[in-house]
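A structural walkthrough
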Amino acid sequence: MSATRVDYDFAVLRVVPRVHLGAFVNVGVVVHARTAEFLALRAVTDERVLAAHVHGVDADLLARYLRSCEAICAGDVAGGPMALAPPSERFHWLTAPRSDVLQSSPVHEGICDDPQRALDALFADYVTIGRPGGQGDAC
């Protein structure tokens with residue numbers, strides 16, 4: 001086991017097609033490990049997959065919005081002015097509470113050896129749409 005352990009924060013991105021009902025489908029995960037200077041987001045952005053699992057939402061628009069979130073997370077200027085902010089500010093902006101169709105879970109904490117592997121594991125644990133045998137995480 002590596003001697004270097006990294007603290008990180010993460011949140012699950014979810015689509016809430018009918019905000020007044022509160023039911024949601026998990027579509028992504030964002031991980032921020034400040035001390036490792038790591039910020040990354042992984043999301044389902046395939047319009048066909050989103051349309052099959054998230055009913056009542058414009059899947060093309062949702063996919064574009066998720067790709068925009070990826071650009072903001074990566075610090076890509078295509079994400080607009082928010083993408084130019086420091087990583088901690090981008091993480092907090094992406095996970096800020098919203099009453100919109102795309103929302104974030106509460107922020108949770110973890111410890112890992114490798115933030116990228118943690119992101120991959122969290123995505124596998126919490127986002128099942130688009131994977132063979134995945135049922136979706138509708139609540």
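Everything here concerns the structure above.
Below you will find a few notes about this structure. Not measured: the values here are computed from a predicted model. (Residues numbered from 1 in each chain as written. Predicted model: local features only at pLDDT ≥ 70, side-chain atom pairs only at ≥ 80, totals over all residues. Heavy atoms only, no water.)

Let's talk about the nonpolar core
As a reminder, the rule being used: The definition of a nonpolar core used throughout is a set of buried Ala, Val, Leu, Ile, Met, Phe, Trp, Tyr and Cys residues joined through side-chain atoms within 4.5 Å. For each residue, the accessible area found with a 1.4 Å probe, counting protein chains only, is set against the maximum for its type, and the residue is called buried under 20%, exposed over 50%, and partly exposed in between. Numbering of helices and strands runs from the N terminus; a helix is a DSSP stretch of H or I covering at least four residues, while a strand is a stretch of E covering at least two. Pairs of residues are marked as contacts when any of their non-hydrogen atoms sit within 4.5 Å.
Of all hydrophobic cores here, the largest spans 38 residues; its most connected members are Val27 and Leu50. Listed by contribution, the elements that provide at least two residues to this core are strand S1 (6-15), strand S2 (25-33), strand S3 (38-43), helix H2 (59-74), helix H3 (87-94) and helix H4 (115-126). In this view, Leu50 contacts Val27, Val44, Thr45, Ala59, Leu62, Ala63, Leu66 and Ile129; residues no more than four positions away in its chain are not counted.

What to know about the side chain of Ser104
Its location among the elements puts Ser104 in strand S4 (residues 102-104). Since its relative accessible area comes to 11%, Ser104 is described here as buried. Excluding residues within four positions of it along the chain, Ser104 makes contact with Ala11, Val12, Leu13, Arg14, Leu94 and Thr95.

Considerations on the pattern of salt bridges
Which entries qualify depends on this criterion: Counted as salt bridges are all cases of a side-chain nitrogen of Lys or Arg within 4 Å of a carboxyl oxygen of Asp or Glu.
Considering all chains together, one arrives at 5 salt bridges under this definition. The partner of Arg48 in a salt bridge is Asp46, with the nearest N and O atoms 3.3 Å apart. You can call Arg48 exposed: its relative accessible area is 68%. Classification of Asp46 by relative accessible area gives partly exposed; the value is 29%. Among the salt bridges present, the one from Arg67 reaches Glu47, with a minimum N-O distance of 3.1 Å. On the criterion of sequence distance, the pair formed by Arg67 in helix H2 and Glu47 in helix H1 (residues 47-53) is long-range, its members being 20 residues apart. Given a relative accessible area of 27%, Glu47 falls into the partly exposed group.

Re H3
Condition: By definition, the arc is the one covered by directions from the helix axis to the C-beta atoms.
Within H3 the residues assigned to the buried category are Arg90, Phe91 and Leu94. Buried positions in H3, seen along its axis, are confined to an arc of 100° and lie on one side of it. Where H3 is buried, its residues meet S1, S2, S3, H2 and S4.

Brief notes about the side chain of Thr95
Note the cut-off: As used in this structure description, the phrase polar contact means that two N or O atoms lie within 3.5 Å; if the pair is within protein, one of them must be able to donate a hydrogen and the other to accept it, and residues adjacent in sequence are counted only when both atoms belong to side chains.
With respect to the element layout, Thr95 can be found in the loop between H3 and S4. Exposure remark for Thr95: the relative accessible area of 9% places this residue in the buried category. A distance of 2.9 Å separates a polar side-chain atom of Thr95 from the backbone oxygen of Phe91.

Remarks on the pairing of S1
Under the convention used in this document: Paired strands are those between which DSSP finds at least two bridges.
In terms of burial, S1 is a largely internal element, 8 of the 10 residues being buried. Taken together, the 5 bridges between S1 and strand S5 (residues 108-112) define a ladder with antiparallel strand orientation. Across the sheet, Asp7 pairs through a bridge with Ile111, a residue of S5. Bridging between S1 and S2 involves 7 bridges; their strand directions are antiparallel. Directly across from Ala11, in S2, lies its bridge partner Val30. Relative to S4, S1 is paired through 3 bridges, and the arrangement is antiparallel. Within S4, the residue paired with Val15 across the bridge is Leu102.

With respect to the environment of Val57
Within the secondary structure layout, Val57 lies in the loop between H1 and H2. C-alpha separation for the pair Val57 and Leu39, spaced 18 residues apart in sequence, amounts to 28 Å. The contact partners of Val57, leaving out residues within four places of it in the chain, are Val15, Pro17, Leu62 and Val101.

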